[in-house]
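Take a look at the letters that make up each chain.
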There are 2 protein chains.
Amino acid sequence: MEHHSLACIELEMALLIRRITSIASDKKIANLDRSAYLLLHQISVYGSSGVKALADEFHLDISTVSRQAAALEQKEYLYKIPDPLDGRAYSFQITELGTEELIAYKQARLARITELLKDWSEEECESFGQLLKKFNSTICIK
Amino acid sequence: MEHHSLACIELEMALLIRRITSIASDKKIANLDRSAYLLLHQISVYGSSGVKALADEFHLDISTVSRQAAALEQKEYLYKIPDPLDGRAYSFQITELGTEELIAYKQARLARITELLKDWSEEECESFGQLLKKFNSTICIK
DNA sequence: TCATTATAGTTGTATAATGCAATAATATAG
DNA sequence: CTATATTATTGCATTATACAACTATAATGA
């Protein structure tokens, strides 16, 4: 059974995705959904970039990100800046309003996680966070 | 920063869902997608049950599971058994073919995970698997 | 016993996220 | 300067999902 732990990860990962994506109530908190949250987060933390870079980052189709960004622009959470060096390209900046929404959404998520993991030890939380992070970066390399 | 680890989990969880759901190639391996895989797995491991119980298990709408199960029945991976005690109810059994597909899909997933985590230590894999499992069961209680 | 209400399942409809293809505008290379 | 590549948008199709309406059966209670 040398691969027991991998088989465990395999199954639990499938279950996790099912469980998490089923929590549709995620959409209700604040005025953001998960996609919008990640987009705003990325732009907020790593600075502006065009839809191409964002699409690469999230492994999404450019058209998908284009629409997501357009929606956030329409809500005035983002604004578009033409690239002075490339007439085809734009970058995005987060607005004050966007920052507020981002913070509100993040806090709501954090509150939920905090409640959910209230019986977990600090070591478990720390370890889980680090392993998730490592897993995500491992996927990223792909 | 007493909540640093929770904030980390919060963000990395969002990223994880985005990354994993973006791997649409998931759909290509074998003849199953993730939903079908979990449905077959559940029936295979825990025995037959009706769409109601399955919907509860996965926190999905009954209609969604009904369609998923119908699709698997149509492919002859499942067959429906009328409940002898309740004329309204059915349960599902997995077929030989369904079992084969389940195994093939699981193996393909395991191979991918194995490749992905080839540089992880056994301790990390073990720990990650256990924490994912614990997290899933924590969500479940909800 | 029969009428009402509850439950299991299916099917119709709407929505939302996504990918692919076509297009437009601009940039780059030969 | 022409041909090709790149950035972004938009049209279209697909898919997973939820909700609502419906059917059939069960359970309850007068």
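Keep in mind the model is a prediction, meaning the values are calculated, not measured.

Novice: Which residues make up the overall build of chain A, and what values do they have?
Specialist: Helix and strand content of chain A: six helices and two strands. For chain A, the spread of C-alpha atoms along the principal axes amounts to about 55 × 30 × 25 Å. Of the contacts made within chain A by residues no fewer than 6 positions apart, 46% connect residues no fewer than 24 positions apart.

Novice: Lay out the environment of Leu131(A) with the relevant residues and their values.
Specialist: Its location among the elements puts Leu131(A) in helix α6 (residues 122-141). Between the alpha carbons of Leu131(A) and Lys80(A) there is a distance of 35 Å; along the sequence they are 51 residues apart. Once you skip the residues sitting within four places of it in the chain, Leu131(A) turns out to touch Glu124(B), Ser127(B), Phe128(B) and Leu131(B).

Novice: Explain the protein's contact with DNA strand D to me, and be specific about the residues and the numbers.
Specialist: For DNA strand D, the set of nearby residues contains 25 residues, the closest of which are Gly50(A), Lys52(A), Ser63(A), Asp61(B) and Gly87(B). Listed by contribution, the elements that provide at least two residues to the surface near DNA strand D are α1 (4-22), α3 (51-58) and α4 (62-74) of chain A together with α4 (62-74) of chain B. With six residues, the single largest contributor to the surface near DNA strand D is α4(A). Across the surface near DNA strand D, the residue classes tally to eight nonpolar, nine polar and eight charged.

Novice: Before we move on, can you summarise the protein's contact with DNA strand C with the specific residues and values?
Specialist: Lining the immediate environment of DNA strand C, one finds 25 residues, of which Asp61(A), Gly87(A), Gly50(B), Lys52(B) and Ser63(B) sit closest. Those elements that place two or more of their residues in the surface near DNA strand C are α4 of chain A together with α3 (51-58) and α4 of chain B. Along the lines of polarity and charge, the residues of the surface near DNA strand C split into eight nonpolar, nine polar and eight charged.

Novice: Run through the interface of chain B and chain A, naming residues and quoting values.
Specialist: At the interface, 44 residues of chain B touch 44 residues of chain A. Mapped by element, the contributors of at least two residues to the side of chain B that touches chain A are α1 (4-22), α2 (34-46), α5 (96-116) and α6 (122-141) of chain B. For the side of chain B that touches chain A, the element with the most residues is α1(B), which contributes 17 residues. Grouping the amino acids of the side of chain B that touches chain A by side-chain chemistry returns 24 nonpolar, 10 polar and 10 charged.

Novice: Just give me the short version of the packing of helix α2 (residues 34-46) of chain A against α1(B), but keep the residues and values in it.
Specialist: Two elements in contact, α2(A) and α1(B), have axes separated by 10 Å at closest approach and are oriented at 110°. Relative to α1(B), the element α2(A) is oriented roughly perpendicular. Crossing hand, α2(A) versus α1(B): left-handed. Along its contact with α2(A), which presents Arg34(A), Tyr37(A) and Leu38(A), the element α1(B) presents Ala14(B), Leu15(B), Ile17(B) and Arg18(B).

Novice: How would you summarise α4(B) if you had to cite specific residues and measurements?
Specialist: All names here are of chain B. The end-to-end C-alpha separation of α4 is 18 Å, in line with the 18 Å expected for 13 residues at 1.5 Å each. Listed in full, the buried residues belonging to α4 are Val-65, Gln-68, Ala-69 and Leu-72. With its buried residues spanning 95° around the axis, α4 presents them on a single face. More than 90 degrees from the buried face of α4, the exposed residues found are Ser-63 and Gln-74. Residues of α4 that are buried in the fold lie against α2, α3, β1 (78-82), β2 (90-94) and α5. Glu-76 occupies a position one or two residues after α4 and carries a positive phi of about 65°.

Novice: Break down unusual backbone geometry for me, with residues and values.
Specialist: Non-glycine residue Glu76(A) carries a positive phi angle of around 65°. On the secondary structure map, Glu76(A) appears in the loop between α4 and β1 (78-82).

Novice: Give me the lowdown on the relation of the copies chain B and chain A, citing residues and values where you can.
Specialist: Take chain B, turn it by 179°, move it 0.0 Å along the axis, and it overlays chain A with an RMSD of 0.1 Å. The transformation relating the two chain copies, once decomposed into turn and shift, fits a two-fold axis.

Novice: Tell me about the nonpolar core, residues and numbers included.
Specialist: Counting residues in each nonpolar core, the largest one holds 69 residues, and the members touching the most others are Leu39(A), Leu40(A), Leu39(B) and Leu40(B). Discounting residues that sit within four places of it in the chain, Leu40(A) has contacts with Leu72(A), Tyr77(A), Ile94(A), Gly98(A) and Leu102(A).

Novice: Give me the packing of α2(B) against α4(B): which residues, what numbers.
Specialist: All names here are of chain B. One way to put it is that α2 packs onto α4 with a least axis distance of 10 Å and a crossing angle of 80°. Relative to α4, α2 is oriented roughly perpendicular. Each of Ser-35, Ala-36, Leu-39 and Leu-40 in α2 lies in contact with α4, whose residues at this interface are Gln-68, Ala-69 and Leu-72. In terms of residue class, the contact of α2 with α4 is built from five nonpolar, two polar and no charged.

The rules behind each value
Residues numbered from 1 in each chain as written. Chains lettered and ligands numbered in written order. Predicted model: local features only at pLDDT ≥ 70, side-chain atom pairs only at ≥ 80, totals over all residues. Helix = DSSP H or I, 4+ residues; strand = E, 2+ residues; numbered from the N terminus. Contact = placed C-beta atoms within 7 Å. Near = placed C-beta within 6 Å. Nonpolar A, V, L, I, M, F, W, Y, C, P; charged D, E, K, R; others polar. Axes fitted to C-alpha atoms, helices over the stretch in contact; angles between N-to-C directions. Parallel < 35°, antiparallel > 145°, perpendicular 65-115°, else oblique. Left-handed = near helix turned anticlockwise from the far one by under 90°. Expected span 1.5 Å × (residues − 1). Buried ≥ 20, exposed ≤ 12 C-beta atoms within 10 Å, placed from the backbone. Arc of directions from axis to C-beta. Least-squares fit on C-alpha atoms with pLDDT ≥ 70 in both. Core = buried A, V, L, I, M, F, W, Y, C linked by C-beta atoms within 7 Å.

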